[in-house]
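One letter stands for each residue in the lines below.
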Amino acid sequence: MIPYGKHFIDEDDIAAVVEVLRGGWLTQGPKIAELESAIADYVGVKYAVAVSSGTAALHLAAITAGVGPGTSLITSPITFVASANAALYAGGRPVFADIDPNTINMSPENLQDTLQKNPDTRAIVPVHYAGLPCDMPEIKSIADSSGAVVIEDAAHALGARYPDGQRVGCCSHSLMTIFSFHPVKAIAAGEGGMITTNDKEIYRRLLRLRGHGINKLDDPFQFPEQADTNGMRNPWYYEMQELGFNYRITDIQCSLALSQLKKLDKFIEKRRNLVVRYDQGFADIKNICPAQGQGYDISGHHLYALRINFEAAGMSRSELMNELKVRDIGSQVHYIPVPAQPHFRRLGFQPEDYPNAQKYYEEALSIPLYYELTEKQQDYVISQLGELLA
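A quick note: this is a predicted structure, and the numbers were derived from the prediction, not measured.

Participant: Which parts of the structure should I look at to understand the overall build of the protein?
Facilitator: Counting its regular elements, the protein contains 15 helices and 12 strands. Taking the principal axes of the C-alpha coordinates as reference, the protein spans close to 85 × 55 × 40 Å. By residue count, 57% of the 390 residues in the protein fall in the buried class. Contacts in the protein between residues at least 24 apart in sequence constitute 72% of all its contacts with a sequence separation of at least 6. Approximately 16,800 Å² of the protein is accessible, and the part contributed by carbon and sulfur atoms is 51%. The averaged location of the 46 negative side-chain charges in the protein is 3 Å from the averaged location of its 35 positive side-chain charges.

What follows is the structure in structure tokens.
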């Protein structure tokens, strides 16, 4: 089977994890700070906070941005449900701005219209779909005019760059950026996530929220009289200063992510070359085209998504996916629009209110793209799709 996505692990990765297993720390040890520093250096940001997953990163980012009862968080309808769930976790209201059909990213024009209808918006979460950065200067300008803050959902986009050359995650256009280290993402940690920011107070609060809301660094004590005895600090004393969470990541996961990070640029270069070959291979096949035919030099290339005219091809998506499976080719759909999910329908959302997202969903299919995919395997995928859709 040729899967649609797959992690790559080599002997260096295994050795890095074994070294931690033979050491003195499994969690809350030095590898966490080491990974945070490495990611901050890589993307060019002041602070980074490692957490247990990309979903945890979104949750904490929403809270620290001020999302809560009486406020809204705007995101894209074409994303994994976690982007919108972050609003609900924080007690706020999710709202969706339809996509640009050419990029599958949040449309700045639709964002402007959505903001006018939702003046209580506290945060905007643009999703860098498949690794292609959104139009962040325009989104940031729109957000600033409304008083909302920007949280970039870069779960697909570690290693991607903005058109000006800065790396996604530097937060030049946002208050925070989140990443995911799920195995099919740019680098694998098993599970894991990261939040980057240039705001020191946001950074300090993220550290507290990650660990049960307990004071970190040099946070002042709220009951200093209980912290000292005869002028000496009580070594056992700590304070839970707000409601936090157990969103810590382990040293085991961080050691794997650190080893993977050294190969990230190589991973992206291989993916970029595969994307170019796919585009060339599909150029003469009817009823099929790349979903994002742009941004090759800046995208993180997490996915290769196609748009297929199934009606013209005389085959349903389900039939095509099952035929591909018979031929040992994995495929997937990214994503069912979030407003179409039962939970969000019960909240009053209707998928037809987002026509660009709905149209894309009806045509979308993600096909194999990962570091170890060979040109021979890729040519097989292209030929089989061409045969089935002919």
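Participant: I'm lost on unusual backbone geometry in this one. Help?
Facilitator: Excluding glycine, a negative phi dihedral is what most residues carry, and trans is how most peptide bonds are arranged. Cis geometry marks the peptide bond from His-334 to Tyr-335, where omega comes out at 5 degrees. In this fold, Tyr-335 is placed in the loop between α12 (317-326) and α13 (342-346). If you check the backbone angles, Asn-287 has positive phi at about 70 degrees while not being a glycine. Topologically, Asn-287 is positioned in the loop between α10 (264-282) and β10 (288-290). Given the relative accessible area of 25%, Asn-287 is considered partly exposed. Even without glycine at this site, Asp-328 takes up a positive phi of about 65 degrees. Looking at where Asp-328 falls in the secondary structure, it is placed in the loop between α12 and α13.

Participant: Even after reading the chapter, I still don't get the side chain of Asp-251, so can you show me in this structure?
Facilitator: Along the chain, Asp-251 turns up in helix α9 (residues 251-261). As a buried residue without a salt bridge, Asp-251 has its nearest oppositely charged side chain in Lys-31, at a separation of 7.4 Å. Not counting residues within four places of it along the chain, the set of residues in contact with Asp-251 comprises Val-20, Trp-25, Leu-26, Thr-27, Gln-28, Gly-29, Pro-30, Lys-31 and Ile-32.

Participant: Explain the packing of helix α5 (residues 108-117) against helix α6 (residues 136-146) to me, please; I cannot follow it from the model alone.
Facilitator: For any two helices packed against each other, the geometry is given by the interaxial angle and the distance between the axes. Packing of α5 against α6 leaves a shortest axis separation of 10 Å and a crossing angle of 10 degrees. In terms of orientation, α5 and α6 fall into the roughly parallel class. For the pair α5 and α6, the contacting residues are Pro-108, Leu-111, Gln-112 and Leu-115 in the first and Glu-138, Ile-139, Ile-142 and Ser-146 in the second. Split into classes, the residues belonging to the contact of α5 with α6 amount to 5 nonpolar, 2 polar and 1 charged.

Participant: Sorry, what's going on with the layout of surface pockets here?
Facilitator: Left-over empty space is what a probe sized like a water molecule reveals as it rolls over the atoms. Taken as a whole, the largest pocket holds about 450 Å³ of empty space. Taken together, 27 residues make up the lining of the largest pocket; nearest its centre are Phe-80, His-156, Ser-180, Lys-185 and Tyr-335. Secondary-structure elements contributing two or more residues to the lining of the largest pocket are α3 (54-64), α4 (82-89) and β6 (176-180). Per-element accounting of the lining of the largest pocket gives the leading share, 3 residues, to α3. In terms of residue class, the lining of the largest pocket is made up of 11 nonpolar, 13 polar and 3 charged. Of the pockets and cavities examined, the second largest pocket occupies roughly 260 Å³. Taken together, 14 residues make up the lining of the second largest pocket; nearest its centre are Phe-96, Thr-114, Lys-117, Asp-353 and Tyr-354. Going through the elements one at a time, β3 (93-96) and α5 are the ones with two or more residues in the lining of the second largest pocket. Ranked by residues supplied to the lining of the second largest pocket, first place goes to α5 with 4 residues. Of the residues that constitute the lining of the second largest pocket, the class distribution is 6 nonpolar, 3 polar and 5 charged.

Participant: What is the right way to read the pattern of salt bridges from this model?
Facilitator: Opposite charge on two side chains allows them to pair when their charged atoms are near. Here the structure, examined in full by the defined rule, presents 20 salt bridges. Residues Glu-242 and Arg-208 are paired through a salt bridge, measuring 3.6 Å at the closest nitrogen-oxygen approach. A residue pair is termed long-range when its members are at least 10 positions apart, and Glu-242 in the loop between β9 (232-233) and α9 and Arg-208 in helix α7 (residues 200-210) qualify at 34 residues. Between Arg-307 and Glu-363 there is a salt bridge, with the nearest N and O atoms lying 2.8 Å from each other. One end of the pair, Arg-307, is in strand β11 (residues 304-308); the other, Glu-363, is in helix α14 (residues 355-363), with 56 residues separating them in the sequence. The burial state of Arg-307 is the same as that of Glu-363; both residues are buried.

So, how was this worked out
- Residues numbered from 1 in each chain as written.
- Predicted model: local features only at pLDDT ≥ 70, side-chain atom pairs only at ≥ 80, totals over all residues.
- Heavy atoms only, no water.
- Helix = DSSP H or I, 4+ residues; strand = E, 2+ residues; numbered from the N terminus.
- Buried < 20%, exposed > 50% of the residue type's maximum accessible area, 1.4 Å probe, protein only.
- Contact = heavy atoms within 4.5 Å.
- Areas by Shrake-Rupley, 256 points an atom, 1.4 Å probe, with all protein chains shown as cover.
- Lys, Arg positive; Asp, Glu negative; His and termini not counted.
- Charge placed at Lys NZ, Arg CZ, Asp CG, Glu CD.
- Salt bridge = Lys/Arg side-chain N within 4 Å of Asp/Glu carboxyl O.
- Axes fitted to C-alpha atoms, helices over the stretch in contact; angles between N-to-C directions.
- Parallel < 35°, antiparallel > 145°, perpendicular 65-115°, else oblique.
- Nonpolar A, V, L, I, M, F, W, Y, C, P; charged D, E, K, R; others polar.
- 1 Å grid on protein atoms, 1.4 Å probe; cavity = no way out; pocket = protein on both sides within 12 Å on 5 of 7 lines; lining within 4 Å.
- Points joined across faces, edges and corners; volume = space filled by probe spheres on them.

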